[in-house]
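Spelled out, the chains give:
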Amino acid sequence: MTHPIQPQDIDLPAFLAELRTWVDIESPTADRNAVNAMADLAQAAATARGFHTTRIPTDAQTGDLLVARCGDPDRAARILILTHLDTVHPRGTLSGPLPWREDGDRLYGPGVYDMKSGALMALHALTLAEGRAAATILFIPDEETGTHATRTLVEDHARRARAVLVMEPAREGGKIVTGRRGSALYRIRVQGRAAHSGTRPQDGRSAIRAAAKLVLDLESMNDPDRRIGVNVGVIRGGTTRNTVPAECVLDVDVRLPDLAAQHDIIAKIEALTPSDPDISFDISGGVSRPAFTADAGSLALFDRAAPIAEAMGYPLVAMTSGGGSDGNFTAALGIPTLDGLGPDGADAHTQTEHIFPSTIAPRLAMLTNLLITLTESNA
Ligand SMILES: [Zn+2]
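Keep in mind that this is a model prediction, so the values were computed, not measured.

Calculation criteria
- Residues numbered from 1 in each chain as written.
- Predicted model: local features only at pLDDT ≥ 70, side-chain atom pairs only at ≥ 80, totals over all residues.
- Helix = DSSP H or I, 4+ residues; strand = E, 2+ residues; numbered from the N terminus.
- Buried ≥ 20, exposed ≤ 12 C-beta atoms within 10 Å, placed from the backbone.
- Contact = placed C-beta atoms within 7 Å.
- Axes fitted to C-alpha atoms, helices over the stretch in contact; angles between N-to-C directions.
- Parallel < 35°, antiparallel > 145°, perpendicular 65-115°, else oblique.
- Left-handed = near helix turned anticlockwise from the far one by under 90°.
- Nonpolar A, V, L, I, M, F, W, Y, C, P; charged D, E, K, R; others polar.
- Pairing = 2+ DSSP bridges.

Novice: Would you mind showing me how to read the environment of Asp105 here?
Specialist: Structurally, Asp105 is set in the loop between strand 4 (101–103) and strand 5 (106–108). Overall, Asp105 belongs to the partly exposed group, with 13 C-beta atoms counted inside 10 Å. Distance in space between the C-alpha atoms of Asp105 and Pro357 is 5.9 Å, their sequence separation being 252 residues. Setting aside residues up to four positions removed in sequence, Asp105 forms contacts with Phe356, Pro357 and Ser358.

Following this line, the structure appears as structure tokens:
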């Protein structure tokens, strides 16, 4: 089978020059104006390519959802491409620890890998298809903090789609993602009783001491064989050195491979109770993203993409990722979902985040051909 677009058709220098303008606008999730400035640029890039765009305001803390549609509205609704414009990096990262920098086949910058390159690839792919592909791209403003303000909008678009393509970066040597662990987030507030530690220690009930035991109880739920992860990532407690601490707060991140593990671990966490009657736990939070396990539809989508990738010169390898993405939401609705279609690279969320630019042309050509194939078979 011949494919209309080949890797050598990609103008990589032009792609990277445009990518630099996207990375130049730093867009941490919590900075609504910064994320909207990034959406302005993406919207201008989409409009210049002749796509129809809409901005959907979310809430006072979150940037807008940008929707870009290429092709006839009915056909475009059937293929949904998910991207996000927010990053985890605070402003000042670009002029500080992580400037735009090329070093051999490594290109560094905040958000370059997760996932401005993937978001830009979606626009380029639909342009390269020259009218043979129809799709809707969502540029999500709050993926890195859990898609709280836009989840319903994402799900509404997904329900009308027959295929969802997620432009999150590739994993571990270019692997594509057909499954992701789910996640749950908890905040546990441990309440004790304050007292002067010198004069009246017997009146105090140390929240830090109770929290220390709680950390051990939580982390004992870790089970690498079942791919269950429980991490107490933040702890805050106490006021002064000579006061028995009345309060201690734990922020907990939980990773869950499947529904059975989800039920199991959630029940255990929510049943945690202090052994001292003068101590109390206030447990808030819950499942933030359901586990994404590849169903027949997602595997069928993978089977359509694999031979195209093969023809573009790289084998498509499926894997289950430890991290979550917006693909978890769409897969949970039963919509065939393929994730990890962005370029290969490494070190997401760190000050050495980078992509391998040599992986862009073959993956962009694959994406373009996949969009053309899906559009033709869905027409
Ligand atoms: Zn991402």
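Novice: Please explain the packing of helix 1 (residues 12–24) against helix 4 (residues 112–128) as it appears in this structure.
Specialist: Think of two packed helices as two axes; the pair is described by the angle between the axes and how far apart they sit. At a closest axis distance of 10 Å, the pairing of helix 1 and helix 4 adopts a crossing angle of 125°. Compared by their axis directions, helix 1 and helix 4 come out oblique. Relative to helix 4, the crossing made by helix 1 is right-handed. Across the interface between the two elements, Phe15, Glu18, Leu19, Trp22 and Val23 of helix 1 pack against Val112, Lys116, Ser117, Leu120 and His124 of helix 4. Partitioned by chemical class, the residues of the contact of helix 1 with helix 4 number 6 nonpolar, 2 polar and 2 charged.

Novice: Any chance you could explain the sheet that holds strand 18 (residues 354–355) here in plain terms?
Specialist: By way of backbone hydrogen bonds, the strands of a sheet pair with one another, either parallel or antiparallel. Taken together, the 4 strands give an open sheet; going across it, the order is 4-5-18-17, and neighbouring strands pair in antiparallel fashion. Because the sheet does not close on itself, it has two edges, and the strands there are strand 4 and strand 17 (345–346). With 3 bridges connecting them, strand 4 and strand 5 associate as antiparallel partners. Each residue of the ladder has a partner; that of Glu102, found in strand 5, is Leu107.

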